[in-house]
Amino acid sequence: MRLLPLIATVAAVAIAAPAAATLAPGATAPDFTTRGAIAGKVVPISLAEKLRHGPVVLYFFPAAFTPGCNAEARAFAENIDAFRKAGATVLGMSADTVEDLQKFSSSECAGKFAVASAGPGVIKAYDVSLPRAINGRQITNRTSYVIDRDGKIVFVHSDMSPAGHISSTLEAVRKLNER
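Calculation notes
- As a convention, each chain's residues are numbered from 1 in the sequence order in which they are written.
- Residue-level local features of this predicted model are given only where pLDDT is at least 70; pairs of side-chain atoms are given and counted only at 80 or more, and the full residue set underlies all totals for whole chains, interfaces and linings.
- Only hydrogens and water are set aside; all other atoms, that is, all heavy atoms of the structure, feed into the side-chain values.
- Strands are runs of DSSP state E lasting at least two residues, helices are runs of H or I lasting at least four, and both sets are numbered from the N terminus onward.
- Each residue gets one of three labels from its accessible area relative to the maximum for its type: buried under 20%, exposed over 50%, partly exposed in between, using a 1.4 Å probe on protein chains only.
- In protein, a polar contact requires one atom able to donate a hydrogen and another able to accept it; more generally it is a pair of N or O atoms within 3.5 Å, and residues adjacent in sequence count only if both atoms are side-chain atoms.
- What makes two residues a contact is simply this: any of their non-hydrogen atoms within 4.5 Å.
- In this description, a nonpolar core means a group of buried Ala, Val, Leu, Ile, Met, Phe, Trp, Tyr and Cys residues linked to one another through side-chain atoms lying within 4.5 Å.
- A pair of strands is treated as paired once DSSP finds two or more bridges between them.
- Whenever a helix is involved, its axis is fitted only over the stretch in contact; in every case the axis is a line through C-alpha atoms, and angles between N-to-C directions fall within 0 to 180 degrees.
- Stacked, edge-to-face and tilted are the three classes for Phe, Tyr and Trp ring pairs, Trp counted by its six-membered ring, which pair at centre distances within 6.5 Å; planes under 30 degrees apart are stacked, over 60 edge-to-face, the rest tilted.
- Take the residue count of a helix, subtract one, and multiply by 1.5 Å to get its expected span.
- In this description, one arc is meant: the one made by directions from the helix axis to the C-beta atoms.

Engineer: Is there a simple way to think about the side chain of T169 in this case?
Structural biologist: Note on placement: T169 falls in helix 7 (residues 165–178). Take T169: its relative accessible area is 0%, and that puts it in the buried class. In this structure the side chain of T169 is engaged in a polar contact, spanning 3.2 Å, whose partner is the backbone oxygen of I166. If we skip the residues at most four places from it in the chain, T169 touches V57, F76, F83, S144, V146 and F155.

Engineer: It is not clear to me how the nonpolar core should be interpreted in this structure. Could you clarify?
Structural biologist: Side chains of nonpolar character tend, in soluble globular proteins, to be buried together. V57, F61, F76, V90, F104 and F113 are the most contacted members of the largest nonpolar core, which totals 24 residues. Elements supplying a minimum of two residues to this core: strand 3 (56–60), helix 3 (67–78), helix 4 (80–85), helix 5 (98–107) and helix 7. With 5 residues, the top contributor of residues to this core is helix 7. Not counting chain neighbours up to four residues away, the residues in contact with V90 comprise V57, Y59, F76, I80, F83, F113 and A114. Listed in part, the 22 residues of the second largest apolar core include L23, A29, L51 and I147.

Engineer: When you look at the sheet that holds strand 2 (residues 41–46) in this model, what are you seeing that I'm missing?
Structural biologist: Strand pairing in a sheet is mediated by backbone hydrogen bonds. Such pairs are either parallel or antiparallel. The strand order across the open sheet formed by 7 strands is 2-1-5-4-3-8-9, and the pairing between neighbours is mixed. Where the open sheet ends on each side, the last strands, each with one partner, are strand 2 and strand 9 (153–158). With direction set aside, neighbouring strand axes in the sheet form an average angle of 25°. Across 6 bridges, the pairing between strand 1 (residues 33–38) and strand 2 is antiparallel.

Engineer: Help me understand the packing of aromatic side chains in this model?
Structural biologist: Applying the stated rule across the entire model yields 11 aromatic pairs. For the pair F32 and Y126, a centre-to-centre distance of 6.2 Å together with 75° between the ring planes defines the contact as edge-to-face. Taken as a pair, F32 in the loop between helix 1 (3–16) and strand 1 and Y126 in the loop between helix 6 (120–125) and strand 6 (129–134) lie far apart in primary sequence, 94 residues in all. On the basis of relative accessibility, which here comes to 1%, the residue Y126 falls in the buried class. Between F76 and F113, the aromatic rings sit 6.3 Å apart at their centres with planes inclined by 65°, giving edge-to-face as the arrangement. With a gap of 37 residues between them, F76 in helix 3 and F113 in the loop between helix 5 and strand 5 (114–117) connect regions that are remote in the sequence.

Engineer: Is there a simple way to think about the environment of G68 in this case?
Structural biologist: Tracing the chain through its elements places G68 in helix 3. Accessibility expressed as a relative area gives 21% for G68, which makes it partly exposed. Separated by 92 residues in sequence, G68 and M160 have C-alpha atoms that sit 8.6 Å apart. In this structure G68 touches R142 and P162, once residues within four positions along its chain are discounted.

Engineer: What is the right way to read helix 3 from this model?
Structural biologist: Because each turn of an α-helix spans 3.6 residues, side chains separated by three or four positions in sequence point in the same direction. Spanning 12 residues, helix 3 covers 16 Å between terminal C-alpha atoms, matching the ideal 16 Å at 1.5 Å per step. Listing the buried residues of helix 3 in full gives C69, N70, E72, A73, F76 and A77. With its buried residues spanning 165° around the axis, helix 3 presents them on a single face. Facing away from the buried side of helix 3, by more than 90 degrees, are the exposed residues P67 and E78. Buried positions along helix 3 lie against strand 3, helix 4, strand 4 (89–94), helix 5, strand 8 (143–147) and helix 7.

Function cannot be inferred from these measures alone, as they are strictly geometric.
What follows is the structure in structure tokens.
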């Protein structure tokens, strides 16, 4: 049974390896309209509408109520005032159901920002699909995009570890203010 330790090692490396996002800075962010939740309340979500208020930090996460995603959501919630001060809106997205995101938006996001359900079209447009699934459902990789108010991607952080997403996207938003 030497094959099992090898498979486990390969799987661990694949999970820890950075994810590659094909949407590079300078690309136009694909627009979308979907449903999501904030503080447990279901709300419509439109990227175009969010961009009317300034830059958007659009972060994709694999699945609600998993350790890394919980930690990332809490960290964004703890830093939401800094993002707002810098003029940005934070929006989390995953392939989770709106019902799951309602609970997640209250408990892990502390009601401080919206999380939305990304359908197959959004997942494909942003190139954030992972080849594996959880309980038969598609999941996304962990990629954060900073999108300026003109709809252009100005920064990408793509790594399955939640570490670095908050600090790097906040710094990118602050740099937008310096232009």
